[in-house]
Amino acid sequence: MSYQWPLAAKDLFAERYPQMVNAGLPVPDVDAMRAAITDMWADEPGGWVHEWSALAARYASAGSHDLSALAYGWARFPTLADGAKRAALARQTEQYLLAASGFALPFHRDVLDLPYGGGLTQVPVHVFTPPAAVEKGPVLLVSGGVDSWKMDVHGLLTTLCAHSGLPVVAFDIPGTGDSQVPMRPDGAEIVRGLIGHARTLGNGIVVHVGISMGGHYSARSGLAGEADAAVVLGGPVEAAFADGRLARFGMDGIVGNALGFDRQPSRDGLFAALADFSLRPLLDTEGQAPMLVVNGADDVHVPQEDTLVFEGRRDTEVHLLPGTGHCAVTRLPEVLRIISEWLPRTLSTLQAGPGAVVPAK
């Protein structure tokens, strides 16, 4: 199920331009796309999917499969609302796998059959392995956002893997990308299955790292104590599902598609569907794992309350960074430094076992 909705391409460029160029696309090419695209949905010259796909095809013809995958990722952006978008995702996957031989880290793609709703659902995962790993250790399970999926955050995945020295298992949250089911609160069952799978790949310790809406799922994994530790980067937790911010930059339509609507819902209908995503019941409990929560203070999608609500909780470190927005993307090097300092401290405690005294570093 999917639908199109009124959305101005110029607004998406205004918001996403830094993300486009920071991911590695040449600035002149992004500027050319910005000038050429006049319509969000038309699959014809001037249309978003048409122009981005044409750029991606030129990259592919030149053998630049990595750039082609990035461009096809923007062609299918922001969601799979029609056949042209779905075709762009298929081409993105094809180009990404062609680029894989040139990745800096060992990579493979697995398709898992995981329990969901009394049956099984297929969940493709991308696995990156640090070449220096000589024995089984902790594993990072990484979930992307509602519109930026595992192939779109490739650079972040490889950086996390290289900096941490830990394997990374990346997946698309329910309702997005390769997922076969809509985004619903019971999607937590799929995440539990992924955590269980990740435990078999290392020493049993799993840290769930979530980005944007993927951060909602990592917050849930951490608060429920299902993962051994959790990193929440720009994750909506409670207030974001109630204050109307989803109307900005087309996020209402992006989320509505992920939820499985086949036509644009009313505002009340959308927020009624989101009400059960609130993590307030888990915030009122004490069974959480160690958590790191980070976001930008100027986030237009996730209110500050969804970060600050974690302040003062046991085994929790909170950073609300000024001068940056959603997921603190313009201060990403600082975010990576925060994660790289928190992670070894946290893993030392987890690996030492309950009650152990870990020397300060």
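The present account deals with the structure reproduced in this document. Note that the structure is a prediction, hence the values are computed from the model and not measured. (Residues numbered from 1 in each chain as written. Predicted model: local features only at pLDDT ≥ 70, side-chain atom pairs only at ≥ 80, totals over all residues. Heavy atoms only, no water.)

**Considerations on the overall build of the chain**
Okay, step 1: Summing up its helical and strand segments, the chain has 13 helices and eight strands in all.
Okay, step 2: For the chain, the C-alpha radius of gyration of 20 Å lies close to 21 Å, the compact-globule estimate for 361 residues.
Okay, step 3: Within the chain, the fraction of its 361 residues that count as buried is 53%.
Okay, step 4: The contacts of the chain with a sequence gap of at least 6 include a subset with a gap of at least 24, amounting to 69%.
Okay, step 5: Accessible area of the chain: about 14,600 Å², with a carbon and sulfur share of 54%. (Helix = DSSP H or I, 4+ residues; strand = E, 2+ residues; numbered from the N terminus. Rg over C-alpha atoms; globule rule 2.2 N^0.38 Å. Buried < 20%, exposed > 50% of the residue type's maximum accessible area, 1.4 Å probe, protein only. Contact = heavy atoms within 4.5 Å. Areas by Shrake-Rupley, 256 points an atom, 1.4 Å probe, with all protein chains shown as cover.)

**As for the nonpolar core**
Okay, step 1: Residues Trp48, Trp52, Met183 and Leu194 are the most contacted members of the largest nonpolar core, which totals 62 residues.
Okay, step 2: What Trp52 contacts, discounting residues up to four positions off in sequence, is Phe13, Met20, Leu25, Met33, Ile37, Ala71, Trp74 and Ala75.
Okay, step 3: Grouped together as the second largest cluster of nonpolar side chains are 41 residues, Leu80, Val153, Val231 and Cys327 included. (Core = buried A, V, L, I, M, F, W, Y, C linked by side-chain atoms within 4.5 Å.)

**So, the sheet that holds strand β4 (residues 168-171)**
Okay, step 1: Reading across from one edge, β1-β2-β4-β3-β5-β6-β7-β8 is the order of the eight strands in this open sheet, with mixed pairing throughout. Edge positions in the sheet fall to β1 (107-116) and β8 (316-321), since each has one partner strand and no second. Each strand of the sheet is rotated relative to its neighbour by a mean of 20°, with strand direction disregarded.
Okay, step 2: Sheet topology note: the strand β6 (residues 229-233)/strand β7 (residues 291-296) ladder contains four bridges and is parallel. (Pairing = 2+ DSSP bridges. Axes fitted to C-alpha atoms, helices over the stretch in contact; angles between N-to-C directions.)

**Quick notes on the pairing of β1**
Okay, step 1: As judged from the ten bridges shared by β1 and strand β2 (residues 119-128), these two strands associate in the antiparallel manner. Note that in β2 the partner of Pro115 across the bridge is Leu120.
Okay, step 2: The antiparallel hairpin formed by β1 and β2 contains two residues in its connecting segment, where Gly117 sits at a positive phi of about 60°.

**Observations concerning the packing of aromatic side chains**
Okay, step 1: Applying the stated criterion to the full structure yields 14 aromatic pairs.
Okay, step 2: Centroid distance Tyr96 to Phe107: 5.7 Å. Interplanar angle 80°. Geometry classified as edge-to-face. Highlighted residues: Tyr96 in helix α5 (residues 83-99) and Phe107 in strand β1, separated in sequence by eleven residues. Here Tyr96 matches Phe107 in class, with each residue buried. (Phe/Tyr/Trp six-rings, centres within 6.5 Å; stacked < 30°, edge-to-face > 60°.)

**Remarks on empty space enclosed by the protein**
Okay, step 1: Taken as a whole and judged by the stated rule, the model has three cavities of 30 Å³ or more.
Okay, step 2: Size it by volume and the second largest cavity reaches roughly 70 Å³.
Okay, step 3: As for the second largest cavity, its lining consists of Thr121, Gln122, Val123, Pro124, Asp172, Ile173, Pro174, Asp178, Ser179, Gln180, Val181 and Ile190.
Okay, step 4: Residue contributions to the lining of the second largest cavity peak at four residues, all from β2.
Okay, step 5: When grouped by side-chain class, the residues that make up the lining of the second largest cavity number six nonpolar, four polar and two charged. (1 Å grid on protein atoms, 1.4 Å probe; cavity = no way out; pocket = protein on both sides within 12 Å on 5 of 7 lines; lining within 4 Å. Points joined across faces, edges and corners; volume = space filled by probe spheres on them. Nonpolar A, V, L, I, M, F, W, Y, C, P; charged D, E, K, R; others polar.)

**Regarding the packing of helix α6 (residues 154-164) against helix α13 (residues 332-352)**
Okay, step 1: Where α6 contacts α13, the two axes come as close as 11 Å, and the packing angle between them is 40°. Classified by chirality, the crossing of α13 by α6 is right-handed. Along the contact surface, α6 presents Leu156, Thr159, Leu160 and Ser164, while α13 presents Leu332, Leu336, Ile339 and Leu343.
Okay, step 2: For the contact of α6 with α13, the per-class residue count stands at six nonpolar, two polar and no charged. (Left-handed = near helix turned anticlockwise from the far one by under 90°.)

**Here's the deal with the side chain of Asp306**
Okay, step 1: By secondary structure assignment, the location of Asp306 is in helix α12 (residues 305-308).
Okay, step 2: The side chain of Asp306 sits in the buried core without any salt bridge; Arg280 is the nearest counter-charge, 7.7 Å away.
Okay, step 3: In this structure the side chain of Asp306 is engaged in a polar contact, spanning 3.1 Å, whose partner is the backbone nitrogen of Glu238.
Okay, step 4: Contact partners of Asp306, with chain neighbours within four places excluded, come to Gly235, Pro236, Val237, Glu238, Ala239 and Ala240. (Lys, Arg positive; Asp, Glu negative; His and termini not counted. Salt bridge = Lys/Arg side-chain N within 4 Å of Asp/Glu carboxyl O. Polar contact = N/O pair within 3.5 Å; in protein donor to acceptor, adjacent residues only side chain to side chain.)

**As for the pairing of β6**
Okay, step 1: Within β6, five of the five residues are buried, leaving the element largely enclosed by the surrounding structure.
Okay, step 2: Residues Ala229, Val231 and Leu233 point to one face of β6 and Ala230 and Val232 to the other, with burial holding for every one of them.
Okay, step 3: Of the pairings in the sheet, the one linking strand β5 (residues 206-211) to β6 comprises five bridges and is parallel in character. Bridging from a neighbouring strand, Val209 pairs with Val231 of β6.
Okay, step 4: On the question of chirality, the crossover connecting β5 to the parallel β6 by way of helix α8 (residues 213-223) is right-handed. (Right-handed = clockwise from strand over helix to strand, strands pointing away.)

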